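The residues making up each chain are set out below.
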Amino acid sequence: MITESIFGKTKDGVEVKEYTITNANGMSFSAITFGAVIRKVMLEDKKGVLRDVVLGYDSVENYEKDDTYLGAVVGRYANRIGNATFELNGEVYKLEGNDNGNHLHGGYNGYDKRVWDAETFEGELGNGVTFKLFSPDLDQKYPGNLEISVTYTLTDDNDLMIDYRAVSDKDTICNLTNHSYFNLGGHDSGSALNQYAMINADFVTEADAKSITTGKMIYVSGTPMDFTSEMLIGDHIDDDYYQLNYGLGYDHNWALNKKEEGEMILAATLENRKTGIKMEVYTDLPGVQFYSGNFLKGELPGKDGVRYLKRYGVCFETQYYPDSINKPEFPSPILKAGEEYKTTTIYKFV
Ligand code: BGC
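This text gives an overview of the structure that appears in the document.

Conventions used here
- Residues numbered from 1 in each chain as written.
- Predicted model: local features only at pLDDT ≥ 70, side-chain atom pairs only at ≥ 80, totals over all residues.
- Heavy atoms only, no water.
- Pairing = 2+ DSSP bridges.
- Helix = DSSP H or I, 4+ residues; strand = E, 2+ residues; numbered from the N terminus.
- Axes fitted to C-alpha atoms, helices over the stretch in contact; angles between N-to-C directions.
- Near = heavy atom within 4 Å.
- Polar contact = N/O pair within 3.5 Å; in protein donor to acceptor, adjacent residues only side chain to side chain.
- Areas by Shrake-Rupley, 256 points an atom, 1.4 Å probe, with all protein chains shown as cover.
- Nonpolar A, V, L, I, M, F, W, Y, C, P; charged D, E, K, R; others polar.
- Buried < 20%, exposed > 50% of the residue type's maximum accessible area, 1.4 Å probe, protein only.
- Phe/Tyr/Trp six-rings, centres within 6.5 Å; stacked < 30°, edge-to-face > 60°.
- Lys NZ or Arg CZ within 6 Å of the ring centre and 35° of its normal.

### Concerning the sheet that holds strand β18 (residues 203-207)
Thinking step 1. Reading across from one edge, β19-β18-β21-β24-β25 is the order of the five strands in this open sheet, with antiparallel pairing throughout. Every other strand in the sheet has two partners, leaving β19 (213-219) and β25 (315-319) as the edge strands with one partner each. When strand polarity is set aside, the average angle formed by the axes of neighbouring strands in this sheet is 30°.

Here it is, written out as structure tokens:
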């Protein structure tokens, strides 16, 4: 089932719509045209109680004020670009240094702050909604007119699939992700540290004190970054380990174990044993930023007035590695003129 409603208006008076897609199992998600935000993901726990497992807000105003990217699509380049600078085809591009002089999630007017066009559909795999955005040449100072579409499909196997597509008329860089914060105990259940996570990666990209990748890979074995088997997120998050000290917890990019580039694999899992809700994350992208919500402060009231404090939700941001445009040793985020940026991430609830 697909329903459509008016969610509200931006401060400039632009209408924001919300779409809710429900599958045959009674699982649903709701997404809004502001930021292509996934605002709700509802499913039954093991006792049959309906839980909303993502953090979000009840008003457009709070999404406009938010600086934590709750549920949004971020871009043109998700995560960080060191010194907010990159070079492409001999041309130097200076971006907004919105994070300690570095560039984060597209700068001050990221795709998370735009009102996207939307169209719902009923498809073979499931029903869903496609969001579209046009990002003109030099928008956020990136080269190339970029036509973007992000499609959310909900299948009857409880897969929430995200298909990202983009085409530019000039060579550019592109790294789109979704910034949903999950708490499988429910968005209103407090800390997310009592969940188990697995990340299918033997290496994590080393970050410096400002979260810029150094180019070095850390072998996770024997460190608190080892999620190769399920581990309680809270178990080692406050260990005295230099990477955790820099990130104030988990806020790092794991280099996924892949046999070949573009291979779709199980990248991560998250499980809450109290509610019995488990999520699997699949992606064809090379990395995942596992971010433990270290900077959440509950400044704005969330859904039903809930305040989301530090570590009340965790993100699995599938992506090219941070600062990969400045690290030739990393998989390249360059999107050539006329070629299609095409990647898929699935959040599957089992
Ligand atoms: C980053 C964090 C940042 C957060 C913003 C994450 O993707 O890795 O460092 O604070 O986004 O909410």
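### Concerning the site of the ligand
Thinking step 1. What surrounds the ligand is the set Thr68, Tyr69, Arg80, His105, His179, Tyr181, Asp251, Gln289, Tyr291, Phe295 and Glu317.
Thinking step 2. Within the side chain of Tyr181, a nitrogen or oxygen atom sits 3.1 Å from an oxygen atom of the ligand.
Thinking step 3. A total of 310 Å² of accessible area belongs to the ligand in isolation, and the protein chains cover 95% of it.
Thinking step 4. Class assignment of the residues belonging to the shell around the ligand gives a composition of four nonpolar, four polar and three charged.

### Digging into the pairing of strand β12 (residues 126-135)
It is a general feature of regular strands that their side chains alternate between the two faces of the sheet.
Thinking step 1. Within β12, eight of the 10 residues are buried, which leaves the element mostly enclosed by the surrounding structure.
Thinking step 2. For strand β11 (residues 117-122) and β12, the ladder comprises six bridges, and the chain directions are antiparallel. Residue pairing across strands places Thr120 opposite Val129, the latter belonging to β12.
Thinking step 3. Between β11 and β12, which follow one another and run antiparallel, lie three residues.
Thinking step 4. Taken together, the 10 bridges between β12 and strand β13 (residues 146-155) define a ladder with antiparallel strand orientation. Within β13, the residue paired with Leu133 across the bridge is Ile148.

### Details of the packing of aromatic side chains
Thinking step 1. By the definition in use, this model includes 22 aromatic pairs.
Thinking step 2. Measuring from ring centre to ring centre gives 5.4 Å for Phe203 and Tyr219, while their planes differ by 45°; the resulting arrangement is tilted. Of the two residues, Phe203 is situated in strand β18 and Tyr219 in strand β19; the sequence distance between them amounts to 16 residues.
Thinking step 3. Note on Phe203: relative accessible area 35%, which makes it partly exposed.
Thinking step 4. We classify Tyr219 as exposed; its relative accessible area is 51%.
Thinking step 5. Between Tyr291 and Phe295 the ring centres are 6.2 Å apart and the planes differ by 25°, which places this aromatic pair in the stacked class.
Thinking step 6. With relative accessibility at 6%, the residue Tyr291 sits in the buried group.
Thinking step 7. Among the aromatic residues, those joined into a cluster by ring pairs are Phe227, Tyr250, Trp254, Phe290 and Phe316.
Thinking step 8. Looking at Arg273, its charged tip hangs above the ring of Tyr196, at a distance of 3.6 Å from the centre.

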